[in-house]
Amino acid sequence: MSNYLKLVNFELNRFIKLYMVLIGVTIVSQLVGAVLVSRRYLKDVNQAIYEDGMSQSSFIEQFGQFSFYDFGMSLWFVGPIALSIVVLLIYVFFIWYRDWFAKNTFIYRLLTLPTARLNVYLSKATTIFLMVLGLVALQLILIPIESRVLEWMVPLDFRNDLSLDQIIEQLHVMSVLIPQSILQFIRNFGIGFMSVFIVFTAILLERSFKWKGILLGILYGAFTIGLYVLPGVLESLISPGYFYQSEKFFIAIAMVVIISSLSIWLGRLLLKYKVTV
Amino acid sequence: MIEVTNMQKKFGRKKVLQGVSFTANKGEITCLIGVNGAGKTTILNAIMNLTPLNSGQVLMDGQLINKKSYEKITFIPDAITMLPQMRIKEAMQFMADFYKSWNQQRANEMISFFKLNKEDKISTLSKGNTAKVNLLLGLALDVDYILMDEPFSGIDIFSREQIADVFTSHLIEDRGVIITTHEINDIEHLIDKAILLGDGQVIKQFNAEEIREQEGKSVIDVMREVYIK
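What you see is a predicted model, and the numbers here were worked out from it, not measured in a lab.

**With respect to the overall build of chain A**
And then number 1: Scanning chain A for helices and strands turns up 10 helices and 0 strands.
And then number 2: Along the chain direction, N to C, the helices and strands of chain A fall in the order α-α-α-α-α-α-α-α-α-α.
And then number 3: Rg of the C-alpha trace for chain A: 24 Å, well past the compact-globule value of 19 Å for 277 residues, more than 25% over.
And then number 4: Overall, the C-alpha framework of chain A stretches about 75 × 55 × 35 Å when taken along its three principal axes.
And then number 5: Looking at chain A alone, contacts between residues at least 24 apart form 82% of all its contacts between residues at least 6 apart.
And then number 6: Entry remark: accessible area of chain A is about 14400 Å², with carbon and sulfur atoms responsible for 69%.
And then number 7: On chain A, the mean spot of the 21 positive side-chain charges and the mean spot of the 16 negative ones are 26 Å from each other.

**A closer look at empty space enclosed by the protein**
And then number 1: Enumeration according to the criterion identifies 2 cavities of 30 Å³ or more in this entry.
And then number 2: Of the voids in this model, the largest cavity is the one considered here, and its volume is about 80 Å³.
And then number 3: In this structure, the largest cavity is lined by A:Phe66, A:Ser67, A:Phe68, A:Ser147, A:Leu150, A:Glu151, A:Arg159, A:Asn160, A:Asp161, A:Leu162 and A:Ile167.
And then number 4: Take the lining of the largest cavity: its biggest share by element is 3 residues, from helix H6 (residues 117-153) of chain A.
And then number 5: The residue makeup of the lining of the largest cavity, split by class, is 5 nonpolar, 3 polar and 3 charged.
And then number 6: Computed from the structure, the second largest cavity encloses a volume of approximately 60 Å³.
And then number 7: Together, A:Tyr108, A:Arg109, A:Thr112, B:Met48, B:Tyr70, B:Ile73, B:Thr74, B:Phe75, B:Pro77, B:Thr81, B:Tyr99 and B:Leu141 line the second largest cavity.

**Side note on the pairing of strand S7 (residues 145-149) of chain B**
All names here are of chain B.
And then number 1: Across the 5 residues of S7, 5 count as buried, placing the element largely inside the fold.
And then number 2: Because side chains alternate across S7, one face comprises the buried residues Tyr 145, Leu 147 and Asp 149, and the other comprises Ile 146 and Met 148, equally buried.
And then number 3: Of the strand pairs in this sheet, strand S6 (residues 73-76) and S7 are connected by 4 bridges, and their pairing is parallel. Counted as the bridge partner of Thr 74 is Ile 146 from S7.
And then number 4: Examined bridge by bridge, S7 and strand S8 (residues 176-180) share 5 bridges and lie parallel to one another. Considered in S8, the bridge of Asp 149 is made with Thr 180.
And then number 5: Assessed by its sense of winding, the connection that carries the chain from S7 through helix H5 (residues 157-167) to S8 is right-handed.

**With respect to helix H8 (residues 219-227) of chain B**
All names here are of chain B.
And then number 1: Those residues of H8 not exposed but buried are Val 219, Ile 220, Val 222, Met 223 and Val 226. Down the axis, H8 shows its buried residues gathered within 155 degrees of arc, on one side only.
And then number 2: Check the buried side of H8 and you find it contacts strand S3 (29-33), helix H6 (184-187), strand S9 (193-198), strand S10 (201-207) and helix H7 (208-215).

**Quick notes on the domain arrangement of chain A**
Interface extent is often summarised as the accessible area lost during association of the parts.
Residues and elements named next belong to chain A.
And then number 1: What the domain assignment reports for chain A is domain 1 (1-176) and domain 2 (179-277).
And then number 2: Each of domain 1 and domain 2 was reduced to a C-alpha centroid, and the two centroids are 26 Å apart.
And then number 3: Taken residue by residue, the interface counts 27 residues in domain 1 and 24 residues in domain 2.
And then number 4: Inspection of the region where domain 1 meets domain 2 yields 0 salt bridges.
And then number 5: There are 7 residue pairs in polar contact (both at pLDDT 80 or more) connecting domain 1 and domain 2.
And then number 6: Among the secondary structure elements, those contributing two or more residues to the side of domain 1 that touches domain 2 are helix H4 (75-101), helix H5 (107-111), H6, helix H7 (164-170) and helix H8 (172-177).
And then number 7: The greatest single-element share of the side of domain 1 that touches domain 2, amounting to 11 residues, is contributed by H6.

**Observations concerning the interface of chain A and chain B**
And then number 1: Each partner contributes residues to the interface: chain A has 24 residues there, and chain B has 25 residues.
And then number 2: Taking both partners together, chain A and chain B bury about 2300 Å²; carbon and sulfur atoms supply 61% of that area.
And then number 3: At the surface where chain A touches chain B, the tally comes to 0 salt bridges.
And then number 4: The interface formed by chain A and chain B holds 9 residue pairs in polar contact (both at pLDDT 80 or more) in total.
And then number 5: For the side of chain A that touches chain B, the secondary-structure elements that each account for two or more residues are helix H1 (2-51), H5 and helix H10 (245-274) of chain A.
And then number 6: With 5 residues, the top contributor of residues to the side of chain A that touches chain B is H1(A).

**Comments concerning the sheet that holds strand S2 (residues 14-24) of chain B**
Residue and element names in this part refer to chain B.
And then number 1: If you walk across this open sheet you meet the 4 strands as S2-S1-S4-S5, and the pairing is antiparallel. Every other strand in the sheet has two partners, leaving S2 and strand S5 (63-64) as the edge strands with one partner each.
And then number 2: Running at roughly 115 degrees to strand S1 (residues 2-11), helix H1 (residues 40-47) makes contact with S1, S2 and strand S4 (55-60) of the sheet.

**Things to note about the pattern of salt bridges**
And then number 1: Scanning the model with the defined rule gives 16 salt bridges over all chains in all.
And then number 2: B:Arg212 is paired through a salt bridge with B:Glu209; the nearest N and O atoms lie 3.2 Å apart. Of this pair, B:Arg212 and B:Glu209 both sit in helix H7, 3 residues apart, which is roughly one turn of the helix.
And then number 3: Within this structure, A:Glu11, A:Arg14, A:Arg98, A:Asp99 and A:Lys124 form a network of salt bridges that share partners.

The rules behind each value
Residues numbered from 1 in each chain as written. Chains lettered and ligands numbered in written order. Predicted model: local features only at pLDDT ≥ 70, side-chain atom pairs only at ≥ 80, totals over all residues. Heavy atoms only, no water. Helix = DSSP H or I, 4+ residues; strand = E, 2+ residues; numbered from the N terminus. Rg over C-alpha atoms; globule rule 2.2 N^0.38 Å. Contact = heavy atoms within 4.5 Å. Areas by Shrake-Rupley, 256 points an atom, 1.4 Å probe, with all protein chains shown as cover. Lys, Arg positive; Asp, Glu negative; His and termini not counted. Charge placed at Lys NZ, Arg CZ, Asp CG, Glu CD. 1 Å grid on protein atoms, 1.4 Å probe; cavity = no way out; pocket = protein on both sides within 12 Å on 5 of 7 lines; lining within 4 Å. Points joined across faces, edges and corners; volume = space filled by probe spheres on them. Nonpolar A, V, L, I, M, F, W, Y, C, P; charged D, E, K, R; others polar. Buried < 20%, exposed > 50% of the residue type's maximum accessible area, 1.4 Å probe, protein only. Pairing = 2+ DSSP bridges. Right-handed = clockwise from strand over helix to strand, strands pointing away. Arc of directions from axis to C-beta. Domains from an automatic or database assignment. Salt bridge = Lys/Arg side-chain N within 4 Å of Asp/Glu carboxyl O. Polar contact = N/O pair within 3.5 Å; in protein donor to acceptor, adjacent residues only side chain to side chain. Buried area = accessible area lost by both parts, 1.4 Å probe. Axes fitted to C-alpha atoms, helices over the stretch in contact; angles between N-to-C directions.

Structure follows, in structure tokens:
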């Protein structure tokens, strides 16, 4: 356990600079964006009312009140989230391949540590999970602050204040990342983490069997995706609407647990018996 | 003792190792000798369980290599196995964090012996100094067996002399060493056992001292006989 925690700490430190950049870009982009997007709205208000002679009520009727949704759909808000997702997706691969292909072959050291090699696998996965959860937590802190910025910028008459729940509900990307119920949270993040395990194991297949491993990795990915959707496909083919929503949810969770366990088990075997430096 | 029995390894269709067997004793320096591609590095990787074998077995003191073995055996590859952005002191801290067998006193001794600066970043070191740090990270572990892959490869004459000095010091004494090298001249007088490899097989293995006494031949003489026919 202690070696696992040490490895997690080590892996976190390896990514911390880039992670801090992501956090910085997110904070700056979203806060600056909150000011700029609301100023642009105010500019439209001023132009319509003071230059074009439109009344306040007809402006609101025609263009609507300003809400977090307007800002939340802007590139300033969505951009850094998309950037973070892309960087983390790349990092899922990079976290392994850099140990083989960087100037110094650190994989020799990792695989000859006096600890179970599974700890290397789990520490890398944990690092990804902590990074994802950290960015989601950052968003939960930033949204109320950004709401306050919008309140400062746009007069009460022109804006429609939304609660945190409403903001998350209205913005699709947020409703996936920060689901409204704990069960949805478990399912969404379960699927995310399961995907990381599948990719990790596919990478280890490639590292173990080289060219054949690429094919094996792709086949493994296809097999696990097939396994995940199998209950739903069978239901729709045999007896559509057979399962209640709650049953579908628990089947999804069961598949996440089964596929994650399978991936970790296979990853452990590959690291122990097949992987090559 | 490290016992390598009938080691076989294929890369694709190419048979790199075809039934390699030998033993390496504690307290002795065993040298694997062969031209490039003879399978020397693959043998060391396989001993450390860093590449799977097609068949064969490696035992260390009668046991298969497992996670606990890495407190008793270490591998010093030809490239340093630490992150380039680490300082030497951070690399030592990493070793201290994970290995119970890490001996900080010995590490400090080697820092002085090699005239290294703990604050230096690994990426800024010369090739010779990088090799010394690599050696330090392996030798400062209180392990019974040390595997070294080409420790003299591509480094300057003075660094080579310093590294060769290590072999006659207490840093190596009583340990079992398996070394691969092209630069046989640097350590010929230190080798206890030589294993000559060719085409993935052991062509000849002999005790250097015995062949010197009985046949009046050096390791290089035997190599000449075997490889230049």
